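# Per-entry structural report
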Amino acid sequence: MRSFEKFKIWVLLICLVSELCYGFYLPGSYPHKYGVGDLLNVKVNSLTSIDTELPYSYYSLPFCQPQEGVKDSAENLGELLMGDRIENSPYRFKMYTNETEIFMCQTKPLSGEEFKLLKKRIDEMYQVNLILDNLPAIRYTRKEGYFLRWTGYPVGIKVQDAYYVFNHLKFTVLVHKYEETNVARVMGTGDGAEVISTVGKDGSEEPGYMVVGFEVVPCSVQHAPDSAKNLKMYNKYPNPIKCDPTTVAMAVKENEPVSFTYEVNFVESDIKWPSRWDAYLKMEGAKVHWFSILNSLMVITFLAGIVLVIFLRTVRRDLTRYEELDKEAQAQMNEELSGWKLVVSDVFRAPSNPALLCAMVGDGVQILGMGVVTIMFAALGFMSPASRGTLITGMLFFYMVLGIAAGYVAVRLWRTIFCGDHKGWISVSWKAACFFPGIAFLILTTLNFLLWGSHSTGAIPFSLFVVLILLWFCISVPLTLVGGYFGAKAPHIEYPVRTNQIPREIPPQKYPSWLLVLGAGTLPFGTLFIELFFIMSSLWMGRVYYVFGFLLIVMILLVVVCAEVSLVLTYMHLCVEDWKWWWKSFFASGSVAIYIFLYSVNYLIFDLKSLSGPVSATLYLGYSLFMVLAIMLATGTVGFLSSFWFVHYLFSSVKLD
């Protein structure tokens, strides 16, 4: 009866979570109701380009500035690390109030430096990113009968030898009526009508509106400089403005001003608030994405199953035959068939550089745990694209907390290698706390100097550098030391066999063992290379990545395949009497990082053809190296721990004399 009650409680919890997922969309945001005539403020984000991958501040170009001055919006740690700089803008709308020919400003005559910079940004295909009610501006273009979606709009365009700037914006704001009848369903609770008031102006019960779409059409319109001399911001432009996106007219010239105008149109839409991000997530090629990943998962699962079945049958057959034969037959079998039993006195001999191995395994556990937990939260919707920066912030938080696991695993492995001796556990804990973060800090600092030299908003401010160092040494390092302390107190894993003082000579091999180790990474790489393409496109091509459920499945499958590949190679090495399996088991699965780096170079050459300049290429390769290092530690740790478990189980299951 109690089990049935517990089952009902779990069902209720699952239903509650599902209802919250539907009602709140789970990014941590909530629907904002606006009354007719309420002010809507548009924000601007950094200028971005897939040509350089260097973000710059919106106001680094001669654009109109707000009357109250430029102010930074509240940003989290993840936004700053991603190079986002969200600021206020002079664009202001009134809810459900259509306006046309609104004058913004007329810039001063462009100086030589401003003129060159504007032409350079147009050549580099920089995009302007606007945000309204947390929705990025989206632009639709028609090509060969298909509608393509883009976030943001280009600064300008080059036609022949002339440069044209998009100085008139036609906004379309999609709104959905916020009525009493749908408040409960939108909010996911029957008390929603009491929580949110729907009283409009003058005390009348007019329904409010929610913003469910934000579209922009950029145009290049020639404005007469004399017509804008005496106009103030938000005045009506005296001449009619025709916005035609197929023609350009406002040529950029030195020592001449540029006038900016806009118009806004509100359209009532059937789109519900929880579905307003669908237009951003359903990009072209989504079907290919789903079918390709599903096909890859099926193929890799089939191959991994075959490898696992063959492997288990082979090992089980060897163990059965050893147990059934007498001593004389076992000795003959050792000489003729297999050599893995001959290394019984050396298989647990301490590897070279044991402290480094322990630190790398500890860091691998920390990175793998961070990845699994982060992707799980993202798959549940807590780290959706609607919440900028939460993915990076969450990764940092989980990484620091899991420092306890890194210290525990590293120190316990250290004690196991040296048969329970806990001397030096503090040194191992420090190495685990500083190995990967130290290399990452060195890479990011070098890249940050390049970004500082380019005056990019992607550069981490010095104050944020100090914060990251404090997080490292005041939270991550102490937690790793605490984990090391618990690892030193925990009982070590006892070996099932004794190790001789004199190491056994490894017979010469027909082929280098490391060649097989490097080739083993191809199978794990096959599990993720399709998903890797979409991740790379999200990072470098400005596309939105959202299929975290598939990513979680691929990651689980990757862990399984890494474990299987490492087990097979460890068994093969033991069969040829090669007892130095520690590092080889780590790199058998960790070698997938080599193929990922080669894929990154291939992506740079063939998919990022427009990437210009040595700074951009260096940034790309630097971030790729950082990513590859983390993947190597995580996958290598999976392979090593699975091989350690297998070797321990194998030599504790067979009869030894």
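Residues numbered from 1 in each chain as written. Predicted model: local features only at pLDDT ≥ 70, side-chain atom pairs only at ≥ 80, totals over all residues. Heavy atoms only, no water.

## As for the overall build of the protein chain
Of regular secondary structure, the protein chain possesses 19 helices and 14 strands. Among the 657 residues that make up the protein chain, the fraction classed as buried is 48%. Of the contacts formed within the protein chain by residues at least 6 apart in sequence, a portion of 83% connects residues at least 24 apart. In the structure as shown, the protein chain presents an accessible area of about 32500 Å², 63% of it carried by carbon and sulfur atoms. (Helix = DSSP H or I, 4+ residues; strand = E, 2+ residues; numbered from the N terminus. Buried < 20%, exposed > 50% of the residue type's maximum accessible area, 1.4 Å probe, protein only. Contact = heavy atoms within 4.5 Å. Areas by Shrake-Rupley, 256 points an atom, 1.4 Å probe, with all protein chains shown as cover.)

## Some remarks on the pairing of strand E1 (residues 39–44)
Alternating positions in E1 separate cleanly, Leu-40, Val-42 and Val-44 being buried on one face and Leu-39, Asn-41 and Lys-43 remaining unburied on the opposite face. Sheet topology note: the E1/strand E2 (residues 87–94) ladder contains five bridges and is antiparallel. Bridging across to E2, Asn-41 finds its partner in Arg-92. Here three bridges tie E1 to strand E5 (residues 130–132), and the two strands are oriented antiparallel to one another. If you follow Val-44 over to E5, its bridge partner there is Leu-130. (Pairing = 2+ DSSP bridges.)

## Details of the packing of helix H12 (residues 425–453) against helix H13 (residues 462–489)
Contact geometry for H12 and H13: axes closest at 8 Å, N-to-C directions at 160°. In terms of axis orientation, H12 runs roughly antiparallel to H13. For the pair H12 and H13, the sense of crossing is right-handed. Tallied by class, the residues present in the contact of H12 with H13 amount to 18 nonpolar, six polar and no charged. (Axes fitted to C-alpha atoms, helices over the stretch in contact; angles between N-to-C directions. Parallel < 35°, antiparallel > 145°, perpendicular 65-115°, else oblique. Left-handed = near helix turned anticlockwise from the far one by under 90°. Nonpolar A, V, L, I, M, F, W, Y, C, P; charged D, E, K, R; others polar.)

## Focus: the packing of helix H11 (residues 403–417) against H13
At their nearest, the axes of H11 and H13 sit 6 Å apart, and the two run at 35° to each other. Crossing geometry of H11 relative to H13 is assigned as right-handed. Contact with H11, carried on its side by Gly-403, Ile-404, Gly-407, Tyr-408, Val-411, Arg-412 and Arg-415, involves Leu-479, Thr-480, Gly-483, Gly-484, Phe-486, Gly-487, Ala-488 and Lys-489 of H13 and no other residues of that element. In the contact of H11 with H13, the residues fall into six nonpolar, six polar and three charged.

## Some thoughts on the state of the cysteines
Summed over the entire model, instances satisfying the criterion amount to two disulfides. The disulfide partner of Cys-64 is Cys-105, and the S-S distance across this bridge is 1.9 Å. Taking the sign of the S-S torsion, -90° for the link of Cys-64 and Cys-105, the bridge is left-handed. In this pair, Cys-64 is assigned in the loop between E1 and helix H2 (77–82) and Cys-105 in strand E3 (residues 99–106), connecting sequence segments 41 residues apart. We classify Cys-64 as buried; its relative accessible area is 4%. For Cys-105, a relative accessible area of 16% corresponds to the buried category. Here Cys-219 is linked by a disulfide to Cys-243, with a sulfur-sulfur distance of 1.8 Å. (Disulfide = S-S within 2.5 Å.)

## Some words on the confidence of the model for the protein chain
Mean pLDDT for the protein chain: 81, with 82% of residues reaching 70 or above. Confidence over residues 181–204 falls short of pLDDT 50; this stretch has 33 contacts with residues more than four positions distant or in other chains. (pLDDT = per-residue confidence, 0-100.)

## Overview of unusual backbone geometry
Look at Asp-133: it is not a glycine, yet its phi comes out positive at around 50°. The residue Asp-133 is located in the loop between E5 and strand E6 (135–136) in this model. Classification of Asp-133 as buried rests on a relative accessible area of 19%.

## Brief notes about the sheet that holds E1
One open sheet holds the four strands; their spatial order is E2-E1-E5-E6, and the pairing between them is antiparallel. With one partner strand each, in any of the chains shown, E2 and E6 form the two edges of the open sheet.

## Looking at the pattern of salt bridges
Between side chains of opposite charge, pairing is possible as soon as their charged atoms come close. Tallied over the full model, the rule gives six salt bridges. Here Arg-276 makes a salt bridge to Asp-133, at a shortest N to O gap of 3.0 Å. Of this pair, Arg-276 sits in the loop between strand E14 (259–268) and helix H6 (278–281) while Asp-133 sits in the loop between E5 and E6, and the two are 143 residues apart along the sequence. We note a salt bridge from Asp-578 to Lys-584, for which the minimum N-O separation is 2.4 Å. (Salt bridge = Lys/Arg side-chain N within 4 Å of Asp/Glu carboxyl O.)

## Notes on a nonpolar patch on the surface
On the surface, Phe-449, Trp-452, Phe-462, Val-466 and Leu-470 cluster together into a nonpolar patch covering about 520 Å² of accessible area. Broken down by secondary-structure element, the contributors of at least two residues to the nonpolar patch are H12 and H13. No other element matches the three residues that H13 contributes to the nonpolar patch. Here Phe-462 lies in helix H13. (Patch = residues over 30% accessible without salt bridge, like charges linked within 9 Å, V, L, I, M, F, W, Y side chains within 5 Å.)

## Digging into the packing of aromatic side chains
Tallying each qualifying case throughout the model produces 46 aromatic pairs. Consider the rings of Trp-645 and Tyr-649, whose centres lie 5.6 Å apart with planes at 10°: the pair is stacked. Taken together, the residues span about one helical turn, with Trp-645 and Tyr-649 both in helix H19 (residues 614–653) at a distance of four residues. By relative accessible area, which is 53% here, Trp-645 ends up exposed. Feature note: the residues Phe-441, Phe-449, Trp-452, Phe-465, Trp-472 and Phe-473 constitute an aromatic cluster, connected by ring pairs. Positioned over the ring face of Tyr-56 is Arg-121, at 3.9 Å from the centre of the ring. (Phe/Tyr/Trp six-rings, centres within 6.5 Å; stacked < 30°, edge-to-face > 60°. Lys NZ or Arg CZ within 6 Å of the ring centre and 35° of its normal.)

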